[in-house]
Amino acid sequence: MQIVSGTRCSAERGYAFDCWTPAEGLSPGYTYGRIEDARYARNIEIRSRNNKRSLDQTIACSTVDEFVRLTI
């Protein structure tokens, strides 16, 4: 299972999304200057993961509360 969270405002004054897997933990995403670019990259990540691994499920969440609920 992979959880994709975001889009969030990053410390580098841009927008990013994060990915989490049980094996790898939290992986911060690349920082984009525009929120539209970060959302586009997030959607591509979700689609590509779902296409590659039929057994793994990619779950998208938009808030920290959703992320916490899914990882507990």
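You'll find the structure just up there.
What you are looking at is a predicted structure, and each value in this text was computed from that prediction instead of being measured.

1. A word on the overall build of the protein
No. 1: Of regular secondary structure, the protein possesses two helices and four strands.
No. 2: Taking 11 Å as the expected radius of gyration for a compact globule of 72 residues, we find that the protein reaches 12 Å, a close match to that expectation.
No. 3: Overall size of the protein, expressed as C-alpha extent along the three principal axes, is 35 × 25 × 20 Å.
No. 4: Across the 72 residues of the protein, 32% fall into the buried class.
No. 5: Considering only intrachain contacts with a sequence separation of at least 6, the fraction spanning at least 24 residues in the protein is 35%.
No. 6: By element, 50% of the accessible surface of the protein is carried by carbon and sulfur atoms, the whole surface being about 5000 Å².

2. Regarding the environment of T31
No. 1: Structurally, T31 can be placed in the loop between β3 (25–28) and α1 (35–52).
No. 2: Taking the C-alpha atoms as reference, T31 lies 9.6 Å from R8; in sequence the two are 23 residues apart.
No. 3: Excluding its chain neighbours within four sequence positions, the residues that come into contact with T31 are S10, E12, G14, Y15 and A16.

3. Here we look at a nonpolar patch on the surface
No. 1: A cluster of nonpolar side chains, namely V64, V68 and I72, defines an oily patch on the protein surface of about 340 Å² accessible area.
No. 2: Tracing the sequence through the fold places V68 in helix α2 (residues 64–71).
No. 3: The exposure class assigned to V68 is partly exposed, which follows from its relative accessible area of 37%.

4. Brief notes about the environment of P22
No. 1: When you line up the elements, P22 lands in the loop between β2 (15–21) and β3.
No. 2: We classify P22 as exposed; its relative accessible area is 55%.

5. Here we look at the pattern of salt bridges
No. 1: Counting across every chain of the model gives three salt bridges.
No. 2: In the salt-bridge network here, residues are joined through shared partners; they are R34, E36 and D37.

6. Quick look at the side chain of R42
No. 1: Topologically, R42 is positioned in helix α1.
No. 2: Ignoring any residue separated from it by four or fewer positions in sequence, one finds R42 in contact with V4, S5, G6, T7, F17, A60, C61 and S62.

7. Side note on the sheet that holds β3
No. 1: With mixed pairing, the four strands of this open sheet are ordered in space as β3-β2-β1-β4. Single-partner strands in this sheet number two, and they are β3 and β4 (58–61). Here the average twist between neighbouring strands, direction ignored, is 25°.
No. 2: As defined by bridge partners, β2 adjoins β3 across four bridges and the pair is classed as antiparallel. Bridged to T21 within β3 is G25.
No. 3: Seen against the sheet, α2 touches β1 (2–9), β2 and β4 and runs at an angle of roughly 145° to β4.

What counts, and at which threshold
- Counting starts from 1 at the beginning of each chain's written sequence and moves along it residue by residue.
- In keeping with the predicted nature of the model, local features appear solely for residues at pLDDT of at least 70, side-chain atom pairs appear and are counted solely at 80 or more, and the whole-chain, interface and lining totals rest on all residues.
- With hydrogens and water set aside, each side-chain value is computed from the structure's full complement of heavy atoms.
- Helix and strand definitions follow DSSP, with helices as H or I runs of at least four residues and strands as E runs of at least two, each counted in order from the N terminus.
- We compute the radius of gyration over the C-alpha atoms and compare it with the globule rule, which gives 2.2 Å times the number of residues raised to the power 0.38.
- In this scheme, a residue with accessible area under 20% of its type's maximum is buried, one over 50% is exposed, and one in between is partly exposed, where area comes from a 1.4 Å probe on protein chains only.
- Residue contacts follow a heavy-atom distance rule, with two residues in contact if any of their heavy atoms lie within 4.5 Å.
- Working definition of accessibility: Shrake-Rupley area with a 1.4 Å probe, residue cover restricted to the visible protein chains.
- Within the patch definition used here, like charges are joined within 9 Å and nonpolar side chains (Val, Leu, Ile, Met, Phe, Trp, Tyr) within 5 Å, considering only residues with over 30% relative accessible area and no salt bridge.
- A pair is scored as a salt bridge if a Lys or Arg side-chain nitrogen falls within 4 Å of a carboxyl oxygen belonging to Asp or Glu.
- Pairing between strands is defined by DSSP: at least two bridges between them are needed.
- Axis definition: a line fitted to C-alpha atoms, over the contacting stretch in the case of helices. Angles run 0 to 180 degrees between N-to-C directions.

Geometry only, nothing functional implied.
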